[in-house]
Amino acid sequence: DRLLGVIRQSTMIQATQEEAATDMQAMVGVSRDERALSSPLFAMRKRLPWLNINLLTAFLAASVVGVFENTIAQFTALAVLLPVVAGQSGNTGAQALAVIMRGLALREIQIRHWQRVLLKEVLAGALNGIAIAIVTGLGVMIWSQSAGLAMVIGVAMVISMALAGLSGAAIPLVLTRLGQDPAQSASIILTTVTDIVGFFSFLGLATLFSTLL
């Protein structure tokens, strides 16, 4: 029954805002210590390790494309459409990641909710994937005059967006379960996963149904 101290509301709000801001930095591999007016040398030292890791993961994603080099050489339209699939899956994963990060930060969810959370994000990704696949398929059909290519990119869109939703939800949960900061470079990890999933699903289906292209 003794007054130990006072926490002012303005102080709490400021601390909450700073925590949210540093989480945004950590997600993309920027140190929590860096500020807008930090020196360029300090920024370079803090960012460079994660940029090197990102470079390594980029080569990993590129190696998936290399596996299907012959298919791409035969159907050059695939190279044009690759960024479309990767971009949509990346955005889907980022949406799931943001929602789960918020849920963890506000204690709306815990590790024990993992099944419900993952199922929700997979279904949301798949449903959005179906809607986007219809629009994409129509666009590709008009552009390429190939029903086979439209079908391939449509199916790949559904698969990649469903798995991207799963990845976006799973990464922060796994990091939390391992006792790590769920925000720490989650975006870099997610980008790698969604790129690989998007490239592999699209090019894999194109190879499998090459006679229809």
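Residues numbered from 1 in each chain as written. Predicted model: local features only at pLDDT ≥ 70, side-chain atom pairs only at ≥ 80, totals over all residues. Heavy atoms only, no water.

Enquirer: An account of the overall build of the protein is requested, with residue identities and associated values reported.
Expert: Secondary structure assignment for the protein yields seven helices and zero strands. Reading the protein from its N end, one meets helices and strands in the order α-α-α-α-α-α-α. The dimensions of the protein, computed from C-alpha atoms along their principal axes, are 80 × 40 × 30 Å. Put simply, the protein has 213 residues, and 37% of those count as buried. The long-range fraction of contacts in the protein, counting pairs at least 24 apart against all pairs at least 6 apart in sequence, stands at 75%. (Helix = DSSP H or I, 4+ residues; strand = E, 2+ residues; numbered from the N terminus. Buried < 20%, exposed > 50% of the residue type's maximum accessible area, 1.4 Å probe, protein only. Contact = heavy atoms within 4.5 Å.)

Enquirer: Talk me through the packing of aromatic side chains; I want residue IDs and the actual numbers.
Expert: Applying the stated criterion across every chain, the model contains one aromatic pair. Ring plane angle 70° and centroid distance 5.7 Å describe the contact between Phe68 and Phe200, whose orientation is recorded as edge-to-face. On the criterion of sequence distance, the pair formed by Phe68 in the loop between α2 (40-67) and α3 (69-74) and Phe200 in helix α7 (residues 186-208) is long-range, its members being 132 residues apart. (Phe/Tyr/Trp six-rings, centres within 6.5 Å; stacked < 30°, edge-to-face > 60°.)

Enquirer: Which residues make up the environment of Leu208, and what values go with them?
Expert: Relative to the assigned elements, Leu208 resides in helix α7. Assessed through its relative accessible area of 62%, Leu208 is described here as exposed. Put simply, Leu208 and Thr71 are 137 residues apart on the chain and 9.9 Å apart in space, counted from C-alpha to C-alpha.

Enquirer: Describe the nonpolar core, and please don't skip the residues or the numbers.
Expert: Core analysis: the biggest nonpolar cluster contains 24 residues, and Leu78, Ile153, Phe202 and Leu203 have the highest contact counts within it. Mapped by element, the contributors of at least two residues to this core are α2, α4 (77-105), α5 (114-144), α6 (147-177) and α7. Excluding residues within four positions of it along the chain, Leu203 makes contact with Val65, Phe68, Ile72, Leu78 and Leu82. Within the second largest apolar cluster, nine residues are counted, among which are Ala26, Leu97, Ala183 and Ala186. (Core = buried A, V, L, I, M, F, W, Y, C linked by side-chain atoms within 4.5 Å.)

Enquirer: Provide a residue-level description of the layout of surface pockets, including the pertinent values.
Expert: Empty space left among the atoms is revealed by rolling a probe the size of a water molecule over them. Of the voids in this model, the second largest pocket is the one considered here, and its volume is about 160 Å³. Examining the composition of the lining of the second largest pocket, we find that four residues originate from one element, α5, more than from any other. A class-by-class count of the residues in the lining of the second largest pocket yields four nonpolar, two polar and four charged. (1 Å grid on protein atoms, 1.4 Å probe; cavity = no way out; pocket = protein on both sides within 12 Å on 5 of 7 lines; lining within 4 Å. Points joined across faces, edges and corners; volume = space filled by probe spheres on them. Nonpolar A, V, L, I, M, F, W, Y, C, P; charged D, E, K, R; others polar.)

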